[in-house]
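Topology and contacts: notes
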Amino acid sequence: MTSQDTDRLMREVFVDTVSAALDRDPRIAVVTADISAAAFAAARARHPDRVINVGIREQAMIGVAGGLALTGMRPVVHSYTPFLVERPFEQLKLDLGHQDVGAVLASIGGSYDDPVWGRTHQGPGDVALLDTLPGWTVHVPGHPDEVEPLLRAALAGDDRVYLRLSSRRNREAHPTGGFTLVRPGRGGVVLAVGPTLDAVLEAVAGLDVTVLYASTVRPFDRAGLRAAVAAAGPEVVLVEPYLAGTSAHEVAEALADVPHRLRALGVRRDVEVRAYGTAADHDAVHGLDAAGIAAAVRALTG
Amino acid sequence: MATRELAGLFERMTGDEKHEWAAASTVDVLWVLYDRVLDVRPATVDDPDRDRFLLSKGHGPMAFYAVLAAKGFLDPDLLGTWTEFGSPLGQHPDRVLVPGAEIGSGSLGHGLGLGVGTALGLRAQRRQSRVVVLLGDGELDEGSNHESIALAARLGLDRLTAVVVDNGSASLGWPGGIAGRFAVEGWHTATVDGRDHDALYRAFTAEHPGRPSAVVAVIDPGEWG
């Protein structure tokens, strides 16, 4: 896939795609809690009843989404990662899941897109938290061009979808859907999720390993992983841009009858990193930079 | 009205004497709503233009189930299966399991947000349906309600009614009264005797153009003994 929108942020693609969908589909409604409300101002002027800003009220934001869905609407809810998933977590569980209704949740900020804001604005536990609830599809695009196809499919459905937008990105976009074979190898499999792919490719340059790419982690493409392991060997390195090991149980299920070894990289669970700086600084702390990934791959497959 | 019949339905769940039925704080509010106010019947439970009743205070749902059975939403024979494995009727209602239940509830502080969203969805679809959410005074302790109280008024949701059954169960109380919490945000409010059917009816049918309506239905805590 070629890159068409090299300079656009994922959030801009999100706003444009949803704004266009509002014009086309009367089911679509947007609910914000101040964050990005201004970006939807033009859409709100056209659709004042379907672009709703609730102020800084995240519990109400999800409750409103649940109520909209109960009337047959397709709510799109958006905020910074911790304020979308962590603060109103019980609303996600009860106002969406327990009511048996859906919504499209789109977060920005990733795990630590801009660490100058500190711990309060970091959300590395988002996917692990949603993983405690049934019925969620989780997309982790690694390039702005991957956002529109994932989002358009989500808007057309009525299920529960989480779209994890980030300012981190790979140089090139890849097809969405199941796991994509980026490069074949014979000495094990590295599964790169979302924006970690470029660091993975840099880390494994010169190593004979298969690289798979995932922009969707729930459902987890178990068949894709099994096929890759069958061809390349049962050493698996999972590289996720959120809490380390979030998908380890999926790998275990996928390879339940295959003796295998797994190393799961991601945001560390053992410490709260009380530091500011850049996202690259934090990648290094968590072993998610090319050097850290290379060391882990060599240790497992070498 | 059919209080005697309701009491009989209630006893099929509780197996208890009538005093427990009489003590149910929500029964009169529920009966007035389903008997005289809400435009919803078993035949219209899937009609997008039906009125919606959202039981936010999901604890103690026996009166709700009894009213649903009396009005034909629920097979009265199901009441005897209450809380059994495989029964649709639990200690908290589940909308997926209970015919006529608009939401599943139990954890406090969720119904009003869902009600605001429901009212917004109906407004976006140009429907005139009413949305009535029943809360308890203790439930108002949950901060999520206060997000929704402010929001509903700011958005001018005039098809939304919150009825707060006030039996004085909030541990720390609401000094100055419950209605004031709504009034200060711009809601139309009425505080009435929660056992007085005509007063409840008048409160539920009062005009409140441009803003939501809060009805505080006061139940004498002394009734609880």
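Being a predicted model, the structure only gives us computed values, none of them experimental. (Residues numbered from 1 in each chain as written. Chains lettered and ligands numbered in written order. Predicted model: local features only at pLDDT ≥ 70, side-chain atom pairs only at ≥ 80, totals over all residues. Heavy atoms only, no water.)

**Structural notes on the overall build of chain B**
Going by this rule: In this text, helices come from DSSP runs of H or I with a minimum length of four residues, and strands from runs of E with a minimum of two, each type numbered from the N-terminal end. We compute the radius of gyration from the C-alpha atoms alone; for a globule the expected value is 2.2 Å times N to the 0.38, where N is the number of residues. Per-residue accessibility, obtained with a 1.4 Å probe over protein chains only, is compared with the maximum for each type, and a residue is labelled buried under 20%, exposed over 50%, and partly exposed between these values. Note on contacts: a residue pair is in contact if any heavy atoms of the two residues lie within 4.5 Å. Note on areas: these come from Shrake-Rupley sampling with a 1.4 Å probe, and a residue is covered only by the protein chains present in the view. Only four residue types enter the tally: Lys and Arg on the positive side, Asp and Glu on the negative side; His and the chain ends are excluded. Positions of charges follow a simple convention, taking NZ of Lys, CZ of Arg, CG of Asp or CD of Glu.
On a plain count of helices and strands, chain B comes out with eight helices and five strands. Its helices and strands in sequence order give chain B the pattern α-α-α-β-α-α-β-α-β-α-β-α-β, from N to C terminus. Here chain B has a C-alpha radius of gyration of 16 Å; the compact-globule value for 225 residues is 17 Å, and the two agree. Each principal axis of the C-alpha distribution contributes one length, and for chain B these read about 45 × 40 × 30 Å. Expressed as a percentage of its 225 residues, the buried residues of chain B come to 56%. At a minimum sequence separation of 6, the contacts of chain B that also span at least 24 residues come to 75%. Working note: accessible area of chain B is about 9,100 Å², and carbon and sulfur atoms make up 48% of it. Chain B carries 20 positive and 31 negative side-chain charges, and their two centres are separated by 7 Å.

**Describing the UniProt feature "domain: Transketolase-like pyrimidine-binding" (unreviewed entry) in chain A**
For clarity, the cut-off: UniProt positions are given in the numbering used here, feature names are shortened, and annotations may be inferred rather than shown by experiment.
In the UniProt entry, the feature "domain: Transketolase-like pyrimidine-binding" (unreviewed entry) is given for residues 8–172 of chain A. Within residues 8–172 of chain A, the helical portion is 41% and the strand portion 18%, while the C-alpha atoms at the span's ends are 13 Å from each other.

**Observations concerning the nonpolar core**
We count it as follows: What is meant by a nonpolar core is a set of buried Ala, Val, Leu, Ile, Met, Phe, Trp, Tyr and Cys residues, joined one to another through side-chain atoms within 4.5 Å. Marked domain ranges trace back to an automatic or database domain assignment.
If you look at the biggest cluster of nonpolar residues, it comprises 75 residues, and the most contacted ones within it are Leu92(A), Leu105(A), Tyr162(A), Leu225(A), Leu160(B), Phe182(B) and Trp187(B). The dominant element in this core, judged by the number of residues it contributes, is helix α3 (residues 58–70) of chain A, at eight residues. Split by domain, this core shows at least three residues from each of two domains, domain 1 (10–164) and domain 2 (180–301) of chain A. Look past the residues within four positions of Phe182(B) in its chain and what remains in contact with it is Leu140(B), Ile149(B), Ala162(B), Val164(B), Trp187(B), Thr189(B) and Ala214(B). In this structure, Leu9(B), Met13(B), Phe53(B) and Ala199(B) belong to the second largest nonpolar core, which totals 45 residues.

**Let's talk about unusual backbone geometry**
Residues and elements named next belong to chain A. Residue Arg218 is joined to Pro219 through a cis peptide bond whose omega torsion reads 0 degrees. You can see Pro219 is positioned in the loop between β10 (216–218) and α9 (222–232). The backbone of Ser36 shows a phi angle near 70 degrees, a positive value even though the residue is not glycine. Inspection of the secondary structure puts Ser36 in the loop between β1 (28–32) and α2 (41–46).

**Quick word on the interface of chain A and chain B**
Many descriptions give the size of an interface as the accessible area lost when the pieces come together. Rule in force here: Simply put, the buried area is the total loss of 1.4 Å probe accessible area from both parts when two parts are fitted together. Salt-bridge detection follows one rule: a side-chain nitrogen of Lys or Arg within 4 Å of a carboxyl oxygen of Asp or Glu. For this analysis, a polar contact is any N or O atom pair within 3.5 Å, provided that within protein one partner can donate a hydrogen and the other can accept it, and provided that sequence-adjacent residues contribute only side-chain to side-chain pairs. Classification used: nonpolar for Ala, Val, Leu, Ile, Met, Phe, Trp, Tyr, Cys and Pro, charged for Asp, Glu, Lys and Arg, polar for all others including Gly.
If you look at the interface, chain A gives 23 residues, while chain B gives 28 residues. Between chain A and chain B, a total of about 2,100 Å² is buried, with carbon and sulfur atoms accounting for 57% of that surface. Our count for the contact surface shared by chain A and chain B stands at one salt bridge. Note that Asp49(A) is salt-bridged to Arg126(B), the shortest N-O span being 2.5 Å. In this assembly, chain A and chain B are joined by ten residue pairs in polar contact (both at pLDDT 80 or more). For the side of chain A that touches chain B, the secondary-structure elements that each account for two or more residues are α3 and α5 (89–98) of chain A. With nine residues, the top contributor of residues to the side of chain A that touches chain B is α3(A). Counted by class, the side of chain A that touches chain B contains eight nonpolar, eight polar and seven charged residues.

**A word on the pairing of strand β1 (residues 52–55) of chain B**
Residues and elements named next belong to chain B. The condition is simple: Any two strands between which DSSP finds at least two bridges are classified as paired.
Burial along β1 is two-sided: the face carrying Arg52 and Leu54 and the face carrying Phe53 and Leu55 are both buried. With four bridges connecting them, β1 and strand β2 (residues 131–136) associate as parallel partners. Bridging from a neighbouring strand, Leu55 pairs with Leu134 of β2.

**Looking at empty space enclosed by the protein**
Worth spelling out the cut-off: Here a cavity is any set of points on a 1 Å grid over the protein atoms alone where a 1.4 Å probe fits but cannot get out, and a pocket is any open set with protein on both sides within 12 Å along at least 5 of 7 lines; a residue lines the site when it has an atom within 4 Å of a point. Grid points are joined across faces, edges and corners, and a volume is the space filled by probe spheres set on the points.
For the structure shown, the criterion picks out one cavity of 30 Å³ or more. What lines the largest cavity is simply Gln59(A), Ala60(A), Gly63(A), Gln91(A), Asp95(A), Gly109(B), His110(B), Gly113(B), Ser144(B) and Ser148(B). Residue assignment for the lining of the largest cavity shows that the elements contributing at least two residues are α3 and α5 of chain A together with α6 (143–154) of chain B. Ranked by residues supplied to the lining of the largest cavity, first place goes to α3(A) with three residues. The residue inventory of the lining of the largest cavity, partitioned by class, reads one nonpolar, eight polar and one charged.

**Observations regarding the environment of Val140(A)**
All names here are of chain A. Structurally, the position occupied by Val140 is in the loop between β5 (136–139) and α7 (144–156). Put simply, Val140 and Pro241 are 101 residues apart on the chain and 8.9 Å apart in space, counted from C-alpha to C-alpha. With residues up to four places along the chain from it excluded, the contact list for Val140 reads Arg164, Val193, Gly194, Pro195, Tyr213, Ala214, Ser215, Val217, Pro241 and Tyr242.

**Topic: the layout of surface pockets**
Over the atoms rolls a probe the size of a water molecule, and in doing so it shows where empty space is left. All names here are of chain B. What the largest pocket holds in volume is close to 340 Å³. What lines the largest pocket is a set of 21 residues, among which Val45, Asp46, Arg50, Arg95 and Glu102 lie closest to the centre. Class assignment of the residues belonging to the lining of the largest pocket gives a composition of eleven nonpolar, three polar and seven charged.

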